[in-house]
Amino acid sequence: MNIWSAFPRALCLPDNCGCEAVNLDVLIAQPSAFWSSLFHLIFAAVLYINVKEKSQELKLWVLSLIILGLSSHFAHGSFLEFAMAMDFAGIVLVMSFFALYKWLVKRVSSTPALVVLLLIYQVSLWVTFYSLDKWFKVSMCVVIFGIAIAELLYAEGKAFWKARDLHLALGTLFASFALFMLDELKVICDPESWLSGHSVWHLGTALTLYFYGKWRFRST
């Protein structure tokens, strides 16, 4: 028994939560996936340090990466259904951030107000993802990613094909997503290992977001 036992656990339990073993009797149920979530926070800090112009957009983007990292920690530590919804909501937040920011900033300029609106958006995503089947959540994220890439292609035109950091981001994402799928389908699986496909996925997505942010906030 621990502090999480009083709340509804993830619907993927008992045996559909990826390869790494889940121990519900301890505070951190999936230690490898939990600690590898730190990569999101580390690379968010590295990005913020490396970008010279500390714009409002950069600060809010880094905030979204922090929300993603903390949500991932919460999800893999507790395996609460609400925490799982927060994890997927964090993924959608970073994928939709720039389109959302572009829309919001035309209507609101105050940073505190934008933070509040982003948090309201995040809460609405938590409610949306709560109690949905895991693979339905994954499918929704893939569809949203496809829409984001289509919008990026349309907005950037030929410049899309010349963006080195963007290509690094996409290459890293596709490679780490392949490992994510192999882990989820238990094709490559050692439940007791500290090196899991899902943990590498966390490193890969953190690097992806770093390269993508580096491209987005490049000096022009």
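The structure presented is a predicted model; accordingly, all values stated were derived computationally and were not measured. (Residues numbered from 1 in each chain as written. Predicted model: local features only at pLDDT ≥ 70, side-chain atom pairs only at ≥ 80, totals over all residues. Heavy atoms only, no water.)

It is worth spelling out helix α2 (residues 38–50) at this point. Residues three or four positions apart in an α-helix share a direction because the helix packs 3.6 residues into each turn. Taking 1.5 Å per residue as the helical rise, α2 with its 13 residues ought to reach 18 Å, and the 18 Å between its terminal C-alpha atoms agrees with that figure. Here α2 has its buried residues at His-40, Phe-43, Ala-44 and Leu-47. Around the axis of α2, the buried residues are gathered within 110° of arc, so they sit on the same side. Of the surrounding secondary structure, the elements contacted by the buried residues of α2 are α3 (56–78) and α8 (197–216). (Helix = DSSP H or I, 4+ residues; strand = E, 2+ residues; numbered from the N terminus. Expected span 1.5 Å × (residues − 1). Buried < 20%, exposed > 50% of the residue type's maximum accessible area, 1.4 Å probe, protein only. Arc of directions from axis to C-beta. Contact = heavy atoms within 4.5 Å.)

Before going further, it helps to examine the state of the cysteines. Throughout the structure, instances matching the rule amount to two disulfides. Cys-12 shares a disulfide with Cys-17; S-S distance 1.9 Å. Linking Cys-12 and Cys-17, the disulfide has an S-S dihedral of approximately 100° and is accordingly described as right-handed. Here Cys-12 and Cys-17 have matching classes, each one buried. Here Cys-19 pairs with Cys-189 through a disulfide, and the sulfurs are 2.2 Å apart. Linking Cys-19 and Cys-189, the disulfide has an S-S dihedral of approximately 95° and is accordingly described as right-handed. Note that Cys-19 is positioned in the segment before α1 (31–36) and Cys-189 in the loop between α7 (164–184) and α8, a separation of 170 residues in sequence. Using a relative accessible area of 5% as the deciding quantity, one classes Cys-19 as buried. The thiol of Cys-141 is unpaired, and the distance to the nearest cysteine sulfur, on Cys-12, comes to 14 Å. By relative accessible area, Cys-141 is classed as buried at 8%. (Disulfide = S-S within 2.5 Å.)

Attention shifts here to the packing of α3 against helix α4 (residues 81–104). Interhelical geometry of α3 versus α4 gives an angle of 165° and a closest axis separation of 7 Å. If you check the angle between α3 and α4, you find them roughly antiparallel. In this structure, the crossing between α3 and α4 has a hand that is left-handed. A class-by-class count of the residues in the contact of α3 with α4 yields 17 nonpolar, seven polar and two charged. (Axes fitted to C-alpha atoms, helices over the stretch in contact; angles between N-to-C directions. Parallel < 35°, antiparallel > 145°, perpendicular 65-115°, else oblique. Left-handed = near helix turned anticlockwise from the far one by under 90°. Nonpolar A, V, L, I, M, F, W, Y, C, P; charged D, E, K, R; others polar.)

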